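So the chains spell out like this:
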Amino acid sequence: MVLETIVAIATALSESGISIIRVSGSEAISIVDSIFVSNREDFHLTDAKTHTIHYGTICFDGKVYDEVLVSVMRGPNSYTREDVVEINCHGGVLVTKEILELVVSRGARIAEPGEFTKRAFLNGRIDLTKAEAVMNLIQSKNQFALENSVKQLRGSVTNKIKELRESILYENAFIESALDDPENYDLTGYEDKLSEKCDELLSSMDYLLKNTEDGRLLQEGIKTCIIGKPNAGKSSFLNELIGKEKAIVTEIAGTTRDILEETVRFGDFTLQLIDTAGIHDTEDVIEKIGVERAKEYAKDADLIFYIIDSTYSLDEEDTEIMNLIQDKPCIVLLNKYDLQPILTPEDLAKIPQLSSAKMVCFSSKGDFVHPNGNASTKEEALDNMKQCVSDLLFHGGISFNDEVVITSMRQKENLKHAREAILQVKEGIAAGMSEDFLAMDLMRAYTELGLLIGEEVEDDLVEEIFSKFCMGK
């Protein structure tokens with residue numbers, strides 16, 4: 001596969017200032033050279049030095065396609081460690097496609113999603129954590145996700161995992177040497193030393209695992225479910241948060257029957273908002289489906305916005321909702337608080353299912369208000385809600401600074417398995433097991449950490465990871 005030369009459009013295919021067509025492989029330079037005419041007489045890309053840019057036109061069979069700038073990057077000093085050529089043409093959709101088809105006709109093939117980064121991995125320029133960081137960098141939705149992806153791309157996770165592997169490998173090598181050459185390597189009292197080393201390893205792994213859930217929420221976004229009874233104001237609240245009329249709002253109960261989804265930047269967080277159908281007993285077949293979906297989304301959510309009409313008393317349907325969400329981080333929003341409310345935040349705080357929930361009030365016009373009834377600016381109210389989210393999910397604040405933060409669930413699972421193996425080493429020491437059994441558990445931890453960074457990896461996993469990349473990356 002890696003002997004083939006691949007090509008793809010590396011920029012969004014739309015009308016824009018420029019488009020970039022990326023070519024990589026052993027024939028990349030010669031293929032592009034066969035369709036490139038330089039403005040310099042008798043110049044060919046095959047003679048170009050690495051990391052140079054050349055002006056000319058794309059021409060073939062008497063037809064001029066476009067004026068272009070062509071970048072030449074010779075391997076191994078390129079993104080893929082192969083010869084790479086990038087054609088910078090004008091950003092029209094038609095001209096970009098025509099040049100792409102021309103490159104294919106000259107011997108390249110269309111790249112698979114993520115294949116350029118996959119080649120960078122297979123050719124040893126980056127490891128698996130850095131490859132995943134590339135994808136996360138592209139998909140970053142907030143400042144944390146961006147900064148953490150850059151840190152991972154620069155090796156924050158890789159360096160820490162390699163440090164752990166080297167420590168494990170040293171202990172395993174000592175055991176193997178002592179078993180093979182007992183005259184020169186004494187294992188007397190070694191169990192105590194190994195137990196201390198395991199404690200150090202466990203401490204480092206716990207440090208990495210500590211922030212994985214917070215990191216995931218910040219990297220991927222917080223799955224946020226808006227629930228409540230029909231006509232409680234869920235859709236109005238969704239529209240207020242996203243700043244546009246996404247959901248239909250009427251006086252008729254049950255307007256929302258299906259699921260509405262929207263992603264919104266919310267301070268340091270990204271909320272994946274899900275507006276659901278009103279939860280209540282109904283004989284309407286379509287509404288029933290919407291209600292069941294609402295319950296399923298609520299069970300799977302990281303955060304709940306529970307909308308309550310403060311001008312009505314709570315009933316059995318509210319009790320059903322509260323039982324559904326009682327173990328979830330929850331912000332209760334009392335709607336219509338300007339219309340002589342029956343319910344207050346103090347009333348709701350006394351309910352066991354809502355004892356740990358945060359309370360926010362807003363008016364019938366969609367304006368946020370203080371519980372005492374005084375008007376609040378939207379900025380003040382949103383700041384209050386952002387702090388509520390921080391208190392519920394991030395223990396009051398986010399401050400990772402220079403910490404290594406793992407955000408990939410795949411990496412987290414490998415790390416957990418490595419930790420379990422080290423715990424088994426500790427248990428083996430306590431049980432008086434022989435050193436060769438301890439070495440087996442050490443090597444299992446070593447292997448799991450190798451899977452994390454891709455030094456020991458199966459082909460199926462590689463295919464799965466890179467299939468999620470966009471074309472041209």
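Refer to the structure presented above.
Residues numbered from 1 in each chain as written. Predicted model: local features only at pLDDT ≥ 70, side-chain atom pairs only at ≥ 80, totals over all residues. Heavy atoms only, no water.

**Re the overall build of the chain**
For step 1, the next point in the chain: The helix and strand inventory of the chain stands at 16 helices and 14 strands.
For step 2, the next point in the chain: Put simply, of all contacts in the chain between residues at least 6 apart along the chain, 68% involve residues at least 24 apart.
For step 3, the next point in the chain: Of the roughly 22,900 Å² of accessible surface on the chain, a fraction of 49% belongs to carbon and sulfur atoms. (Helix = DSSP H or I, 4+ residues; strand = E, 2+ residues; numbered from the N terminus. Contact = heavy atoms within 4.5 Å. Areas by Shrake-Rupley, 256 points an atom, 1.4 Å probe, with all protein chains shown as cover.)

**Digging into unusual backbone geometry**
For step 1, the next point in the chain: A cis amide bond, omega 5°, links glycine 75 with the succeeding residue proline 76.
For step 2, the next point in the chain: In this structure, histidine 51 is a non-glycine residue whose phi angle is positive, near 55°.

**Overview of the packing of helix H6 (residues 156-180) against helix H15 (residues 435-453)**
The packing of two helices is summarised by the inter-axis angle and the distance between the axes.
For step 1, the next point in the chain: Viewed as axis vectors pointing N to C, H6 and H15 meet at an angle of 160°, and their least axial separation amounts to 9 Å. Put simply, H6 runs roughly antiparallel to H15. Crossing handedness for the pair H6 and H15: left-handed.
For step 2, the next point in the chain: Considered class by class, the residues forming the contact of H6 with H15 number 15 nonpolar, three polar and six charged. (Axes fitted to C-alpha atoms, helices over the stretch in contact; angles between N-to-C directions. Parallel < 35°, antiparallel > 145°, perpendicular 65-115°, else oblique. Left-handed = near helix turned anticlockwise from the far one by under 90°. Nonpolar A, V, L, I, M, F, W, Y, C, P; charged D, E, K, R; others polar.)

**Quick word on the packing of aromatic side chains**
For step 1, the next point in the chain: Overall, the coordinates contain two aromatic pairs when judged by the stated rule.
For step 2, the next point in the chain: For the cation-ring pair, arginine 40 lies above phenylalanine 43, with the distance from its terminal atom to the ring centre recorded as 4.0 Å.
For step 3, the next point in the chain: The ring of phenylalanine 174 carries lysine 193 above its face, with NZ or CZ at 5.7 Å from the centroid. (Phe/Tyr/Trp six-rings, centres within 6.5 Å; stacked < 30°, edge-to-face > 60°. Lys NZ or Arg CZ within 6 Å of the ring centre and 35° of its normal.)

**Regarding the pattern of salt bridges**
For step 1, the next point in the chain: Taken as a whole and assessed by the stated rule, the structure comprises 20 salt bridges.
For step 2, the next point in the chain: The partner of aspartate 315 in a salt bridge is lysine 229, with the nearest N and O atoms 2.9 Å apart. With a gap of 86 residues between them, aspartate 315 in the loop between strand E11 (303-309) and helix H11 (316-325) and lysine 229 in the loop between strand E8 (222-228) and helix H9 (234-242) connect regions that are remote in the sequence.
For step 3, the next point in the chain: Judged by its relative accessible area of 32%, aspartate 315 falls in the partly exposed class.
For step 4, the next point in the chain: For lysine 229, a relative accessible area of 17% corresponds to the buried category. (Salt bridge = Lys/Arg side-chain N within 4 Å of Asp/Glu carboxyl O. Buried < 20%, exposed > 50% of the residue type's maximum accessible area, 1.4 Å probe, protein only.)

**Observations concerning helix H2 (residues 93-105)**
For step 1, the next point in the chain: Over its 13 residues, H2 extends 18 Å from the first C-alpha to the last, a length consistent with the 18 Å expected when each residue adds 1.5 Å.
For step 2, the next point in the chain: All buried positions along H2 are accounted for by Val95, Thr96, Ile99, Leu100, Leu102 and Val103. For H2, the arc enclosing every buried residue in end-on projection is 160°, short of the 170-degree limit, so these residues lie on one face. Facing away from the buried side of H2, by more than 90 degrees, are the exposed residues Leu94, Glu101 and Ser105.
For step 3, the next point in the chain: Positive backbone phi, at 130°, marks glycine 107, one or two positions downstream of H2. (Expected span 1.5 Å × (residues − 1). Arc of directions from axis to C-beta.)

**Things to note about a nonpolar patch on the surface**
For step 1, the next point in the chain: On the surface, Ile53, Tyr55 and Leu69 cluster together to form a nonpolar patch covering roughly 290 Å² of accessible area.
For step 2, the next point in the chain: Its location among the elements puts isoleucine 53 in strand E4 (residues 52-60). (Patch = residues over 30% accessible without salt bridge, like charges linked within 9 Å, V, L, I, M, F, W, Y side chains within 5 Å.)

**Some remarks on the pairing of strand E13 (residues 358-362)**
For step 1, the next point in the chain: The element E13 is largely enclosed, with a buried count of four among its five residues.
For step 2, the next point in the chain: Here four bridges tie strand E12 (residues 330-335) to E13, and the two strands are oriented parallel to one another. Across the sheet, leucine 334 pairs through a bridge with cysteine 361, a residue of E13. (Pairing = 2+ DSSP bridges.)

**Concerning the sheet that holds strand E6 (residues 84-91)**
For step 1, the next point in the chain: Taken in spatial order, the seven strands of this open sheet run E3-E4-E5-E6-E2-E1-E7, and their pairing is mixed. One side of each edge strand has no neighbouring strand; the edge strands of this open sheet are strand E3 (36-38) and strand E7 (109-110).
For step 2, the next point in the chain: Direction of pairing for strand E5 (residues 63-73) relative to E6: antiparallel, over a ladder of five bridges. By the bridge assignment for E6, methionine 73 is matched with valine 84.
For step 3, the next point in the chain: Strands strand E1 (6-9), strand E2 (16-24), E4, E5, E6 and E7 of the sheet are contacted by H2, whose axis makes an angle of about 150° with E6.
For step 4, the next point in the chain: Contacting E1, E2 and E7, helix H3 (residues 115-122) crosses the sheet at an angle of about 135° to E1.

**Some points on the environment of valine 68**
For step 1, the next point in the chain: Relative to the helices and strands, valine 68 is located in strand E5.
For step 2, the next point in the chain: A C-alpha to C-alpha distance of 7.4 Å links valine 68 and histidine 90, two positions 22 residues apart in sequence.

**Quick notes on the side chain of glutamine 353**
For step 1, the next point in the chain: Relative to the helices and strands, glutamine 353 resides in the loop between helix H12 (345-349) and E13.
For step 2, the next point in the chain: Among the polar contacts listed, one links the side chain of glutamine 353 to the side chain of asparagine 323, at a separation of 2.7 Å.
For step 3, the next point in the chain: Setting aside residues no more than four positions away along its own chain, glutamine 353 makes contact with Met322, Asn323 and Gln326. (Polar contact = N/O pair within 3.5 Å; in protein donor to acceptor, adjacent residues only side chain to side chain.)

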